[in-house]
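The lines below spell out each chain.
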Amino acid sequence: MPHNHVFPAWAGGLLSGPWRRLVHKPERILGPFVRTGMTVLDVGPGMGFFSLPLARMVGPEGRVVCVDVQEGMLQGLRKRARAAHLEDRLVLRLAQPVSLGLADFEGRVESALAFAVVHEMPDAAHFFAELARLLKPDAVCLFAETKGPVSADDFARELDLARQHGFASAATSPIARSHAALLTRT
């Protein structure tokens, strides 16, 4: 099931192009799950397609914790955040080989986003176990995978792994070209 192929940082700008807003509108997709002042986790943020709108949504008192496996993606995100005057709302972290490297955020995350990233992980079960530790009780994670690279059966298997690690799942508003579910930490 895992593809273990990470989208290359040299092509990261393609993930944040203005054309993508025609398909995915971050404010519409994330608005129901994010409030001012929250601590939100963005797993695999790339160069910030969702991270920057999240930073606007959480406001000056909130934080968006962005963790990626590629320093190049984080550098691109940092540059874009600086240009948008949002850098102070972001916490950027380079994931460790076997961990997100966010132990200091355990039990503090109020909302999370894992968009088109779980299928790239070498161990999705480990990811969901770690995510469960990071989220506050009753926190939510919007979990989505792109149709095509991830089949409906693969997505169902990923949802089963999430359930095995303390999440309940519910359908969410449709997201174009994606399988999606809202995960709640139980």
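Above this text you will find the structure in question.
Okay, so let's go over this structure. (Residues numbered from 1 in each chain as written. Predicted model: local features only at pLDDT ≥ 70, side-chain atom pairs only at ≥ 80, totals over all residues. Heavy atoms only, no water.)

Examining the packing of aromatic side chains
Right, on to step 1. Across all of its chains, the model carries six aromatic pairs by this definition.
Right, on to step 2. An angle of 85 degrees between the planes, with centres 5.6 Å apart, marks the rings of Phe128 and Phe143 as edge-to-face. With Phe128 in helix α4 (residues 124-134) and Phe143 in strand β5 (residues 135-146), the pair connects residues that are 15 residues apart, well separated along the chain. Per residue, the accessibility class of Phe128 equals that of Phe143, and both read buried.
Right, on to step 3. These aromatic residues form a ring-pair network of at least three members: Phe127, Phe128, Phe143, Phe155 and Phe167. (Phe/Tyr/Trp six-rings, centres within 6.5 Å; stacked < 30°, edge-to-face > 60°. Helix = DSSP H or I, 4+ residues; strand = E, 2+ residues; numbered from the N terminus. Buried < 20%, exposed > 50% of the residue type's maximum accessible area, 1.4 Å probe, protein only.)

Here we look at helix α3 (residues 71-83)
Right, on to step 1. The end-to-end C-alpha distance of α3, which contains 13 residues, comes to 18 Å, matching closely the 18 Å that a straight helix rising 1.5 Å per residue would cover.
Right, on to step 2. Of the residues trailing α3, His85 is marked for its positive phi of about 60 degrees. (Expected span 1.5 Å × (residues − 1).)

Looking at the sheet that holds strand β7 (residues 178-185)
Right, on to step 1. Reading across the sheet, the seven strands line up as β3-β2-β1-β4-β5-β7-β6 and stay open at both edges, with mixed pairing between neighbours. Whereas interior strands pair on both sides, the edge strands pair on one side only; in this sheet they are β3 (90-94) and β6 (167-170). Along the sheet, successive strands turn relative to each other by an average axial angle of 20 degrees, direction set aside.
Right, on to step 2. Two elements, β5 and β7, share seven bridges in a ladder whose sense is antiparallel. Counted as the bridge partner of Cys141 is Leu183 from β7.
Right, on to step 3. Across the sheet, α3 touches β2 (63-68) and β3, and the angle it forms with β3 is around 165 degrees.
Right, on to step 4. Running at roughly 5 degrees to β7, helix α5 (residues 152-164) makes contact with β5, β6 and β7 of the sheet. (Pairing = 2+ DSSP bridges. Axes fitted to C-alpha atoms, helices over the stretch in contact; angles between N-to-C directions. Contact = heavy atoms within 4.5 Å.)

Some remarks on the environment of Phe143
Right, on to step 1. Residue classification places Phe143 among the buried residues on the basis of a relative accessible area of 0%.
Right, on to step 2. Sequence spacing of Phe143 and Leu159 is 16 residues, and the spatial spacing of their C-alpha atoms is 8.9 Å.
Right, on to step 3. Apart from residues lying up to four places away in sequence, Phe143 is in contact with Ala114, Val118, Phe128, Phe155, Glu158, Leu159, His179, Ala180, Ala181 and Leu183.

A look at α4
Right, on to step 1. Of all eleven residues making up α4, eight are buried, and the element is well covered by its neighbours.
Right, on to step 2. Where α4 is concerned, the buried positions are Ala124, Phe127, Phe128, Ala129, Glu130, Leu131, Ala132 and Leu134.
Right, on to step 3. Tucked into the core, α4 has its buried residues touching β1 (39-43), β4 (109-115), β5, α5, β6 and β7.
Right, on to step 4. Where α4 begins, the capping side chain belongs to Asp123, and its oxygen is found 3.2 Å from the backbone nitrogen of Ala125. (Polar contact = N/O pair within 3.5 Å; in protein donor to acceptor, adjacent residues only side chain to side chain.)

Quick notes on the pairing of β4
Right, on to step 1. Within β4, six of the seven residues are buried, which leaves it mostly tucked inside the rest of the structure.
Right, on to step 2. Across four bridges, β1 lies against β4 in parallel orientation. Its bridge partner being in β4, Leu41 is matched across the sheet by Ala112.
Right, on to step 3. In this sheet, β5 lies alongside β4 in parallel orientation, the contact comprising six bridges. Within β5, the position partnered with Val109 by the bridge is Leu135.

Thoughts on the packing of α4 against α5
Right, on to step 1. Where α4 contacts α5, the two axes come as close as 9 Å, and the packing angle between them is 40 degrees. Between α4 and α5, the crossing angle belongs to the class labelled oblique. Handedness of the crossing formed by α4 with α5: right-handed. Residue-level contacts link Ala124, Ala125 and Phe128 of α4 to Glu158, Leu161 and Ala162 of α5. (Parallel < 35°, antiparallel > 145°, perpendicular 65-115°, else oblique. Left-handed = near helix turned anticlockwise from the far one by under 90°.)

Some remarks on the nonpolar core
Right, on to step 1. Formed by 32 residues in total, the largest nonpolar core has its most connected members in Leu41, Phe127, Phe128 and Leu131.
Right, on to step 2. When residues of this core are traced back to their parent elements, those giving at least two are β1, β2, β4, α4, β5, α5 and β7.
Right, on to step 3. For this core, the element with the highest residue contribution is α4, accounting for six residues.
Right, on to step 4. If we ignore the near neighbours within four places in the chain, the residues touching Phe127 are Val43, Leu100, Ala114, Val118 and Met121. (Core = buried A, V, L, I, M, F, W, Y, C linked by side-chain atoms within 4.5 Å.)

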